[in-house]
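Next come the chains, spelled out residue by residue.
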Amino acid sequence: MSDNRLAMEPSKEFVFNYKGCYFAVNTTPEHVASLENFEIKDSDIFITTYPKSGTVWTQNILSLILHKGHRNGTENMETMDRIPWLEYNIRNADFDSLPSPRVFVTHLPYYLTPRDLRNRKGRVIYVSRNPKDVLVSYYHFSKFIVTLEEIPDFNIFMERFLAGKVLASAWFDHVSGWCNHAKDFNILFLTYEEMKKDLRSAVLKICNFIGKKLSEEEIESVVRQATFENMQKDPRANYANMPEDLAIKGKGRFLRKGTVGDWKNTMTVAQNERFDEVLMDKIKTLPIKFTWDLESEM
Ligand SMILES: Nc1ncnc2c1ncn2[C@@H]1O[C@H](COP(=O)(O)OS(=O)(=O)O)[C@@H](OP(=O)(O)O)[C@H]1O
């Protein structure tokens, strides 16, 4: 294989491919396959995202909405214990014994989710983010965490991202798959940018969707604690107490910048043009309209 082709292939040391989707090696094809038959309860909630789209943010919002102890600071539970990963059950959580409503988090494409979920059992909150900010956030994240292959050259990282040769595969396939199959799920779509613009409205949408009534004061408390500035101070949101096998290798924080339009600080004009050439026509076919910076909307 030529050097260029080699640079495009994700290393088997970090990922495996199962039915067209790349997974990190801290799960197994058997576990992913078993999820098809995972029994869903009506009250279950799934936070579903492509990586770097606002997963931990939404996990924190759900923890704050559902758990008084999280809201008033009397309980200190790690995010991944409160809301475990479905396909990366690294702490071997007993999913059956989680308190109701169970909340899971997943990067699964729609077609690998539990069958019950695809039959409108349980609820899905799907959060998406403009893919240029996803790309840049993903690039920095790969330098930050040991479970991802580090690709120091942004050009190569971008080409892999555009070709879907990264964990969770192609951004467009993920988002379009979920949008096109929305009717199979009981699903709420949110975007990172709308959460950023009006967090309170997003929190209210979530409460409404999951049927949770909170007082005005409680809503205020959720919103206040879910801002970037406040979450950045929270060791749980920053994975500060990560288990060894997920340890952080780089400098910086999980909550890195938390802005809309940061891609402009990393992508060159040529890279932006290349990105648009590959993805923009496709993006225009999506029912979600993305915000590329907080001044302009497409
Ligand atoms: N409260 C709040 N407000 C705004 N932005 C926030 C917030 N919490 C997390 N983030 C930003 O979300 C990015 C991480 O995305 P994910 O949590 O989806 O990452 S992961 O897939 O779970 O690894 C990452 O984006 P970047 O800062 O652009 O890298 C985080 O900073």
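Residues numbered from 1 in each chain as written. Predicted model: local features only at pLDDT ≥ 70, side-chain atom pairs only at ≥ 80, totals over all residues. Heavy atoms only, no water.

*Asks:* Explain the overall build of the chain to me, please; I cannot follow it from the model alone.
*Replies:* Across its full length, the chain carries 13 helices and six strands. Compactness check: the chain gives a C-alpha radius of gyration of 18 Å against a globular reference of 19 Å for 298 residues, within 12% of the reference. Taken along its principal axes, the extent of the C-alpha atoms in the chain is 55 × 45 × 40 Å. Put simply, the chain has 298 residues, and 55% of those count as buried. For the chain, contacts bridging at least 24 residues in sequence account for 70% of all contacts bridging at least 6. Accessible surface computed for the chain: about 13,700 Å², of which carbon and sulfur atoms make up 49%. On the chain, the mean spot of the 40 positive side-chain charges and the mean spot of the 41 negative ones are 2 Å from each other. (Helix = DSSP H or I, 4+ residues; strand = E, 2+ residues; numbered from the N terminus. Rg over C-alpha atoms; globule rule 2.2 N^0.38 Å. Buried < 20%, exposed > 50% of the residue type's maximum accessible area, 1.4 Å probe, protein only. Contact = heavy atoms within 4.5 Å. Areas by Shrake-Rupley, 256 points an atom, 1.4 Å probe, with all protein chains shown as cover. Lys, Arg positive; Asp, Glu negative; His and termini not counted. Charge placed at Lys NZ, Arg CZ, Asp CG, Glu CD.)

*Asks:* What am I meant to see in the environment of lysine 196 here?
*Replies:* Looking at the secondary structure, you find lysine 196 in helix 9 (residues 192-197). Judged by relative accessible area, which is 29%, lysine 196 ranks as partly exposed. In this structure, the C-alpha to C-alpha distance between lysine 196 and leucine 286, residues 90 residues apart in sequence, is 21 Å. The residues touching lysine 196, leaving out its near neighbours within four places in the chain, are Trp57, Phe228, Gly258, Thr259, Val260 and Leu294.

*Asks:* Teacher, can you tell me more about the site of the ligand here?
*Replies:* Near the ligand you find 21 residues, and of these Thr55, Ser137, Tyr192, Lys257 and Gly258 are the closest. At 3.0 Å from an oxygen atom of the ligand is found a main-chain nitrogen or oxygen belonging to serine 53. Between an oxygen atom of the ligand and a side-chain N or O atom of arginine 256, the distance comes to 2.8 Å. Relative to its unbound accessible surface of 650 Å², the ligand loses 97% to contact with the protein. (Near = heavy atom within 4 Å. Polar contact = N/O pair within 3.5 Å; in protein donor to acceptor, adjacent residues only side chain to side chain.)

*Asks:* Any chance you could explain helix 6 (residues 131-142) here in plain terms?
*Replies:* An α-helix turns once per 3.6 residues; consequently, residues spaced three or four apart project the same way. Taking 1.5 Å of rise per residue, 12 residues should cover 16 Å, and helix 6 covers 16 Å from first to last C-alpha, within 8% of that figure. Buried residues dominate helix 6, accounting for 11 of its 12 residues. If you check which residues of helix 6 are buried, you get Pro131, Lys132, Asp133, Val134, Leu135, Val136, Ser137, Tyr138, Tyr139, Phe141 and Ser142. Along its buried surface, helix 6 packs onto helix 7 (154-162), helix 8 (171-180) and helix 13 (269-283). Capping the start of helix 6 is the job of one residue whose side-chain oxygen sits 3.0 Å from the backbone nitrogen of lysine 132: asparagine 130. (Expected span 1.5 Å × (residues − 1).)

*Asks:* Looking at this model, I keep getting lost on helix 13. Mind explaining?
*Replies:* Residue glutamate 277 marks the point of greatest curvature in helix 13, where the axis turns by about 45°. On its buried side, helix 13 packs onto helix 6, helix 7 and helix 8. (Bend = angle between axes of the 7 residues up to and from the residue.)

*Asks:* Just to check I follow, could you spell out the packing of helix 3 (residues 55-66) against helix 10 (residues 199-210) for this structure?
*Replies:* Packed helix pairs are characterised by how far apart their axes lie and by the angle those axes make with each other. The geometry of helix 3 relative to helix 10 is characterised by a closest axis approach of 11 Å and an angle of 60° between their N-to-C directions. In this structure, helix 3 meets helix 10 at a crossing whose hand is right-handed. Mapping the contact onto sequence places Trp57, Ile61, Leu62, Ile65 and Leu66 in helix 3 and Leu199, Val203, Ile206, Cys207 and Ile210 in helix 10. Here the contact of helix 3 with helix 10 is composed, by residue class, of 10 nonpolar, no polar and no charged. (Axes fitted to C-alpha atoms, helices over the stretch in contact; angles between N-to-C directions. Left-handed = near helix turned anticlockwise from the far one by under 90°. Nonpolar A, V, L, I, M, F, W, Y, C, P; charged D, E, K, R; others polar.)

*Asks:* I'm lost on the sheet that holds strand 4 (residues 103-106) in this one. Help?
*Replies:* The parallel open sheet is built from four strands, whose spatial order is 4-3-5-6. Only two strands of the sheet have a single neighbouring strand rather than two, namely strand 4 and strand 6 (187-191). Mean inter-strand twist for the sheet, computed between neighbouring axes without regard to direction, equals 20°. Across four bridges, strand 3 (residues 45-49) lies against strand 4 in parallel orientation. Residue pairing for strand 4: threonine 48 is matched across the bridge by threonine 106. (Pairing = 2+ DSSP bridges.)

*Asks:* Any chance you could explain the packing of helix 6 against helix 7 here in plain terms?
*Replies:* At a minimum axis distance of 10 Å, the contact between helix 6 and helix 7 shows a crossing angle of 125°. When the interaxial angle is binned, helix 6 and helix 7 end up oblique. In this structure, helix 6 meets helix 7 at a crossing whose hand is right-handed. Contacts from Pro131, Val134, Leu135, Val136, Tyr138, Tyr139 and Ser142 in helix 6 reach Phe154, Phe157, Met158 and Phe161 in helix 7. (Parallel < 35°, antiparallel > 145°, perpendicular 65-115°, else oblique.)

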